[in-house]
Amino acid sequence: MKLLLWKDYRLNRFVLIIAAILLVCPVVIAGAGVVWVDFPYHPDSGDLHRSVWIGTEIGLGLSVLSLCLLGGNSFAAERIDGSADFLATLPPTRFTVLSSKLMLASLTCVLIAAFVYATRFAVNVATGLSESHGYPVNWALCCTGFGVSWLSSVVVDSPTYAVGLGLLGVFFVPLSVGAMRAAGFLAISNPIGNTVFGIALGTSAVIAGCMLYQRKEKP
Amino acid sequence: MTAAISIFNVTKRFGSHVALDDVSIDVKSGSVLGLLGPNGAGKSTLLKLVVNLLRPNAGQITILGRSVFEGASPIKSEIGYVAEEPRLYPWMTVKEVISFTSGFFANWDTGFQELLRDTYSLPMTKKVRQLSKGMRAKLGLLLALSHRPSVLILDEPMSGLDPVARDDFVGDILDAIALQCPAVILSSHLLADVQRIATEIAILCNGRLLAKQPIDKLLQTTRRIRVILEDGRLPTTRPGGLIWECLDRREWLVTIGEFTNQKLDELKNCNHASSVEILEVGLEDLYKDFIRGAQFE
Amino acid sequence: MRIRTDSQIPIFEQIADGVRGLIASGVHKSGEGLPSLRAFAKKLGVNPNTVQRAYELLEREGFIVTRRGLGVFVSERGKADAILKAESGFQSEIRTSIEKAAASSVSVSTMRRLFREESERLLAKSKQV
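On a predicted model such as this, the values are computed, not experimentally measured, just so you know. (Residues numbered from 1 in each chain as written. Chains lettered and ligands numbered in written order. Predicted model: local features only at pLDDT ≥ 70, side-chain atom pairs only at ≥ 80, totals over all residues.)

> Whenever I open this one, the overall build of chain C confuses me. Can you help?
The helix and strand inventory of chain C stands at five helices and three strands. Secondary structure of chain C in N-to-C order comes out as α-β-α-α-β-β-α-α. Taken against the 2.2 N^0.38 rule, which gives 14 Å for 129 residues, the C-alpha radius of gyration of chain C at 18 Å runs more than 25% over that of a compact globule. Dimensions of chain C, computed from the C-alpha atoms along their principal axes, are close to 55 × 35 × 25 Å. Residues counted as buried form 25% of the 129 residues belonging to chain C. For chain C, the proportion of contacts with a sequence separation of at least 24, taken over those separated by at least 6, is 56%. (Helix = DSSP H or I, 4+ residues; strand = E, 2+ residues; numbered from the N terminus. Rg over C-alpha atoms; globule rule 2.2 N^0.38 Å. Buried ≥ 20, exposed ≤ 12 C-beta atoms within 10 Å, placed from the backbone. Contact = placed C-beta atoms within 7 Å.)

Written out as structure tokens, the structure is:
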């Protein structure tokens, strides 16, 4: 398991670096921007607080892309260079192989969440302000993006297509919720609809991907 | 004694295409089965079934008496598999691939692996993608041998190697066989190499098993005979065990299995032949006769 | 010794033939050891099982003896036997040659003449030496 996790980490190292950049940069830019505008005076704590919060929100939004990359690479990348076949002839079962990939993805999510909450907590403490606005729409879309690209990665052979399908899945959520609201099927607000639908789609895609991988003939 | 590898009534379909049609083969420990057949005959499919990369539509495959399709983990540690152009992790270094693979085997023999590494003189710090084809084949063989498997599956391991690398690699395989005596299945188009390595031959064509015999017996009991027919005569009596025949004017070539002198007399006496002659042919010709005969049907 | 893979003769028989030839020509003398299975197999580039079969055949025919733990040795009467075997091999070879020539309509008298000429040439050569 440790070996598999190491292998999956090495395989996705580039994606993980991109994910870190996409997550951290908006926050740093937002924070540094406020400091720079007010320099040499002490930055306005309200401005700082607001822009760091927006920064984390943007970082989260960009993490949707990172998670699509991670999900889309999970199976197809190894299939395309043939190493999936090699791994399949080694003793670990498919379940172990799958678990390692899921573990890496969960670990990434935990790190993203940890960074977002730690930043928000830090800026709350530093400015003495507190805020809790918005719905966890970005979280839901992260879930959708990862789930759909994960499932696609099991099905299609090209990681690029898998990532693309994941992104399509992400756009599909607000479009379909909007359409359903317009048609009168949904009586809830857009953010709630997107969140619920996004999480539902994402988790079911992850589960479907796992089940399909276990049953599929070719690894 | 049960066979080390036992393939029993295996059928494999891809959609409507029948890749393997009711194939049964046994391989004992210490014997080397050369699996021959044209492209698309189902050789690779059969070997992928044995290493559980594919699942059959019907039939059973056991290794040391245990089915390969259930509880795969303990059986996989008894199998060494070298694919055609082994697809290892291209971004790993040789050292990394070895330590990665070794971690999954409880029966990994580090001493043996180091011995192989030194004999093959593998560059440990190079990335797999930087290796030559020959080196990659050697690395694949090292990974397949270091847990001292009782079953070795080699799927076209020499294809794509230049003659010198191929000779070298054949030597490595022979060494491995001498050291461990596993049951081996080797598929290849290179009949001269197969003849050196194998003790038995199985010929697949269009998913069916045409023949399976010890290689020496095949050579000793299969004969190609040239019959010169008298003017205006056509062959009338065909002997039993006919594999292939070809008629060109008065010359009638017949390849028959289970050859006996009686069959030769039969050919001469029942066919208005002016002369019969046994031709000297090698494994390659006999193999081609088998394939032509099967395709003609 | 070269292994031919384009021949109908199984490799183990080719090896046995080769070893008989080496014994008959005096390269391997009576009482001398032959290479071990693995070394010989490696040198020839064949499966050790095949060399084993060749040695078994030679032992059955009395050309070699196995001494447990020591290896394989040329037997006392190995050379004489090998020469006899070479003679019968030669006989079957000329038989095939004659049949082949006859099939190509070469007359028996021509064959006789050619055989006499060739053997006299060999005799003359050995006298020169």
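> What am I meant to see in the sheet that holds strand β2 (residues 64-67) of chain C here?
Two modes of strand pairing occur in sheets, parallel and antiparallel, and in both the strands are linked by backbone hydrogen bonds. All names here are of chain C. On the basis of which strands lie adjacent, the open sheet formed by three strands has the order β1-β3-β2 and antiparallel pairing. Whereas interior strands pair on both sides, the edge strands pair on one side only; in this sheet they are β1 (33-34) and β2. Inspection of the sheet shows β2 paired to strand β3 (residues 71-74) by four bridges, in the antiparallel sense. The residue of β3 that forms the bridge with I64 is V74. Sitting on the sheet, helix α3 (residues 48-60) is in contact with β2 and β3, with an inclination near 110 degrees to β2. (Pairing = 2+ DSSP bridges. Axes fitted to C-alpha atoms, helices over the stretch in contact; angles between N-to-C directions.)

> I'm lost on the pairing of strand β9 (residues 200-205) of chain B in this one. Help?
Note on strand geometry: in a regular strand, side chains alternate between the two faces of the sheet. Residues and elements named next belong to chain B. Counting buried positions along β9 yields six of six residues, so the element is predominantly enclosed. Summarising the sheet, strand β3 (residues 32-36) and β9 pair through four bridges and their orientation is parallel. Bridge pairing in β9 links L35 to A202. Remark: two residues form the turn of the hairpin made by β9 and strand β10 (residues 208-214), two consecutive strands paired antiparallel; N206 in that turn has positive phi of roughly 50 degrees.

> I'm lost on the interface of chain C and chain B in this one. Help?
A common way to express how large an interface is: the accessible area buried when the components associate. If you look at the interface, chain C gives 18 residues, while chain B gives 22 residues. When contributions to the side of chain C that touches chain B are tallied by element, the ones reaching two or more residues are α1 (11-24), α2 (37-44), α3 and α4 (78-103) of chain C. Per element, the largest residue contribution to the side of chain C that touches chain B is three residues, and it comes from α2(C). For the side of chain C that touches chain B, the residue count by class is eight nonpolar, six polar and four charged. (Nonpolar A, V, L, I, M, F, W, Y, C, P; charged D, E, K, R; others polar.)

> Explain the nonpolar core to me, please; I cannot follow it from the model alone.
Side chains that are nonpolar tend, in soluble globular proteins, to be buried together. Counting 154 residues, the largest nonpolar core has B:V50, B:V97, B:I153, B:I185 and B:L186 as the members making the most contacts within it. With 11 residues, helix α6 (residues 137-155) of chain A is the largest single contributor of residues to this core. Those residues in contact with B:V97 that lie beyond four places of it in its chain are B:L88, B:Y89, B:M92, B:V128, B:L139 and B:L143. By size, the runner-up hydrophobic cluster in this structure holds seven residues, among which are A:V27, A:A30, A:V34 and A:V123. (Core = buried A, V, L, I, M, F, W, Y, C linked by C-beta atoms within 7 Å.)

> How should the packing of α1(C) against α4(C) be read in this particular structure?
Describing two packed helices takes the angle between their axes plus the distance from one axis to the other. Residues and elements named next belong to chain C. Running from N to C, α1 and α4 cross one another at 120 degrees; their axes reach a closest spacing of 8 Å. Viewed along their axes, α1 and α4 adopt a mutual orientation that is oblique. Judged by the twist between their axes, the crossing of α1 over α4 is left-handed. Contact with α1, carried on its side by R20, I23 and A24, involves G78, K79, A82, I83, K85 and A86 of α4 and no other residues of that element. Taken together, the residues of the contact of α1 with α4 break down into five nonpolar, one polar and three charged. (Parallel < 35°, antiparallel > 145°, perpendicular 65-115°, else oblique. Left-handed = near helix turned anticlockwise from the far one by under 90°.)

> Could you clarify how one ought to interpret the sheet that holds strand β14 (residues 273-279) of chain B in this entry?
Residue and element names in this part refer to chain B. Here we have four strands laid out as an open sheet, ordered β12-β13-β11-β14, and antiparallel in their pairing. The open sheet terminates on both sides in strands that have one partner only, identified here as β12 (242-248) and β14. Across the sheet, the axes of successive neighbouring strands diverge by a mean angle of 15 degrees, strand direction being ignored. Where strand β11 (residues 223-229) lies against β14, six bridges are found, and the strand directions are antiparallel. In the strand pairing of β14, V227 is matched with V276. On top of the sheet, helix α9 (residues 261-269) reaches β11, β13 (251-256) and β14; it is set at about 150 degrees to β14, its chief contact. On the sheet, helix α10 (residues 283-296) packs against β11, β12 and β13 and is oriented at approximately 85 degrees with respect to β12.

> Would you mind showing me how to read the packing of helix α1 (residues 2-11) of chain A against helix α5 (residues 94-127) of chain A here?
Residues and elements named next belong to chain A. Across the interface, α1 lies against α5 with an axial gap of 9 Å and an inter-helix angle of 55 degrees. Here α1 is positioned oblique relative to α5, judged by the angle of their axes. Of the two possible hands of crossing, α1 and α5 adopt the one that is right-handed. Facing α1, whose interface residues are L4, L5, D8 and Y9, α5 presents T96, V97, S100, K101, M103 and L104. Split into classes, the residues belonging to the contact of α1 with α5 amount to six nonpolar, two polar and two charged.

> Whenever I open this one, the pairing of strand β2 (residues 17-27) of chain B confuses me. Can you help?
Residue and element names in this part refer to chain B. Note that strand β1 (residues 5-14) and β2 share seven bridges and pair antiparallel. Its bridge partner being in β2, R13 is matched across the sheet by V18. Hairpin connection, β1 to β2: the antiparallel pair is bridged by two residues, and G15 has positive phi, about 65 degrees.

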